[in-house]
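# Fold and contact review
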Amino acid sequence: MEYIKTLIHGMLLGIANAIPGVSGGTMAVVLNIYDKIMYALSLKNIKGNLKFLIPLGIGAVLGVFLLSNVIVSAMENYPMVLNFCFIGLVLGSLPAIYRRAKGDEMHNRNWIFFVLGLGVMILLTFVSPDATTNKTIAEFGGESIGLCAWFFFTGAIGCVAMILPGLSGSLVLLLFGTYGAIMESIATFNFILIGAAGLGILTGGIVGIKVIKKMLRFHPQALYFAILGLMVGSMIIIWPGFAMNTQGIIALAGFVGFTLIAYFMSRDSE
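In this text, all values refer to a predicted model and were calculated from it rather than measured experimentally.

With that out of the way, let us pick up the overall build of the protein. Looking only at helices and strands, the protein features 12 helices and 0 strands. Each helix and strand of the protein, placed in order from N terminus to C terminus, yields the pattern α-α-α-α-α-α-α-α-α-α-α-α. For the protein, the C-alpha radius of gyration of 18 Å lies close to 18 Å, the compact-globule estimate for 270 residues. Structurally, the protein occupies a C-alpha span of about 50 × 45 × 35 Å along its principal axes. For the protein, with 270 residues in total, the buried portion stands at 48%. Here the analysis covers contacts within the protein between residues at least 6 apart in sequence; of these, 83% occur between residues at least 24 apart. When the accessible area of the protein is evaluated, it comes to approximately 13700 Å², of which 71% is carbon and sulfur surface.

So, in structure tokens, the structure goes:
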């Protein structure tokens, strides 16, 4: 029974991480398994926690595969609706992230990390305009060593983001422009590209967990203010434009609905 429960938790984490704007870390907090995951994912503890990590990992993979076709289809046919839902998810989670950043004692100097995080995202709109455009595998030029390396790098960075409550790993992939192609490779069972992204995720997890544990322990307010800046900036990055038509009305409804979902989910997870 415990195995099935952990498998379901893994599927929920996988689905959350497959949707840009939804934080797998926040979902783990909601499910009350975040601390357990962080404890288990260390070299000295991983062996003794395989009974927990294996079904959790299997569930996460299943969750991603189950949602990949839906996401790819929505990105192609309803981009404005999808991006407005993403923006709603980010906006709705901001109050909880701010309260976590503020903590019991506010240090105004940490606002500099908010500005830096926001600045990085704004800079991306000028330095990397392709960050808002998710290319298909064909538009990347097909399978290549360069594409595998790019999948590895963005997978590693996305995994580091995925570990943090409030920050979405898939949103990072969206910003780097590889989200669509990675979801396409999953939907079409392209194991070469899946393997490249998977190795990046594994590497990012090993390195990121150590760094994030230290940051959360010694500099939590600075870290969360940086996350807050990144999240505010991400809404600028993924803004799809707006048209007052049927898709626009649905997009507005999705924006309101997903903002409320994210708000109550993140509030309950505190």
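If you look at soluble globular proteins, the nonpolar side chains tend to sit buried side by side. The biggest cluster of nonpolar side chains holds 57 residues, and the ones touching the most others in it are Leu-13, Ile-33, Ile-37, Phe-52, Phe-151, Ile-227 and Ile-238. Ranked by residues supplied to this core, first place goes to helix H11 (residues 220–237) with 8 residues. Leaving out residues up to four positions away in the same chain, Phe-151 has contacts with Thr-178, Ala-181, Ile-182, Ser-185, Leu-193, Ala-196 and Ala-197.

This brings us to the packing of helix H5 (residues 79–102) against H11. For the pair H5 and H11, interaxial distance at closest approach is 9 Å and the crossing angle is 160°. Our classification of the angle between H5 and H11 gives roughly antiparallel. Our pair here, H5 against H11, has a crossing hand that is left-handed. On H11, the residues touching Ile-87, Val-90, Leu-91, Ser-93, Leu-94, Ile-97, Tyr-98, Arg-100, Ala-101 and Lys-102 of H5 are Gln-221, Tyr-224, Phe-225, Ile-227, Leu-228, Met-231, Val-232, Ser-234 and Met-235. Classifying every residue of the contact of H5 with H11 by side-chain character gives 14 nonpolar, 3 polar and 2 charged.

Our next topic: the environment of Tyr-263. Locating Tyr-263 in the fold gives a position in helix H12 (residues 246–268). Between the alpha carbons of Tyr-263 and Gly-88 there is a distance of 9.2 Å; along the sequence they are 175 residues apart. Ignoring any residue separated from it by four or fewer positions in sequence, one finds Tyr-263 in contact with Gly-92 and Pro-95.

We now examine the packing of helix H10 (residues 191–218) against H11. For any two helices packed against each other, one specifies the crossing angle of their axes together with the interaxial distance. Between H10 and H11, the least distance of the axes is 5 Å, while the angle of their chain directions is 115°. Between H10 and H11, the crossing angle belongs to the class labelled roughly perpendicular. Contacts from Met-215, Leu-216, Arg-217 and Phe-218 in H10 reach Pro-220, Leu-223 and Tyr-224 in H11. Of the residues that constitute the contact of H10 with H11, the class distribution is 6 nonpolar, no polar and 1 charged.

The next subject is the state of the cysteines. Applying the stated criterion to the full structure yields 0 disulfides. You can see Cys-148 has no disulfide; the closest cysteine sulfur is in Cys-159, sitting 18 Å from it.

Another point: helix H7 (residues 145–163). The end-to-end C-alpha distance of H7 is 27 Å, a good match for the 27 Å that 19 residues give at a rise of 1.5 Å each. Three or more residues of H7 are buried, namely Leu-147, Cys-148, Phe-151, Thr-154, Gly-155, Ala-156, Gly-158, Cys-159, Ala-161 and Ile-163.

Cut-offs applied
Along each chain, numbering runs from 1 in the same order as the chain's sequence is written. Since the coordinates come from a predicted model, pLDDT governs what is reported: local features require at least 70, and pairs of side-chain atoms require 80 or more to be given and counted, while whole-chain, interface and lining totals use all residues. The basis for the side-chain values is all heavy atoms of the structure; hydrogens and waters are excluded. Under the scheme used here, helices are H or I runs from DSSP no shorter than 4 residues and strands are E runs no shorter than 2 residues, and both carry numbers assigned from the N terminus. This radius of gyration counts C-alpha atoms alone. The globule rule is 2.2 Å times how many residues there are, raised to the power 0.38. Each residue is placed in one exposure class: buried if its accessible area under a 1.4 Å probe, protein chains only, is under 20% of its type's maximum, exposed if it is over 50%, and partly exposed if it falls in between. The contact rule is simple, with two residues in contact once any of their heavy atoms fall within 4.5 Å. Computed with a 1.4 Å probe, the accessible areas rest on the Shrake-Rupley method; for each residue, only the protein chains presented here act as cover. What is meant by a nonpolar core is a set of buried Ala, Val, Leu, Ile, Met, Phe, Trp, Tyr and Cys residues, joined one to another through side-chain atoms within 4.5 Å. Axes, fitted as lines to C-alpha atoms, cover a helix only where it is in contact. Angles between the N-to-C directions of the axes lie from 0 to 180 degrees. Angle categories: roughly parallel below 35 degrees, roughly antiparallel above 145, roughly perpendicular from 65 to 115, and oblique for all the rest. Left-handed describes a crossing whose near helix is turned anticlockwise from the far helix through less than a right angle; right-handed describes the clockwise counterpart. Gly counts as polar in this scheme, as do all residues outside two lists: the nonpolar Ala, Val, Leu, Ile, Met, Phe, Trp, Tyr, Cys and Pro, and the charged Asp, Glu, Lys and Arg. Disulfides are defined as pairs of cysteine sulfur atoms found within 2.5 Å of each other. The span one expects for a helix is its residue count, reduced by one, times 1.5 Å.

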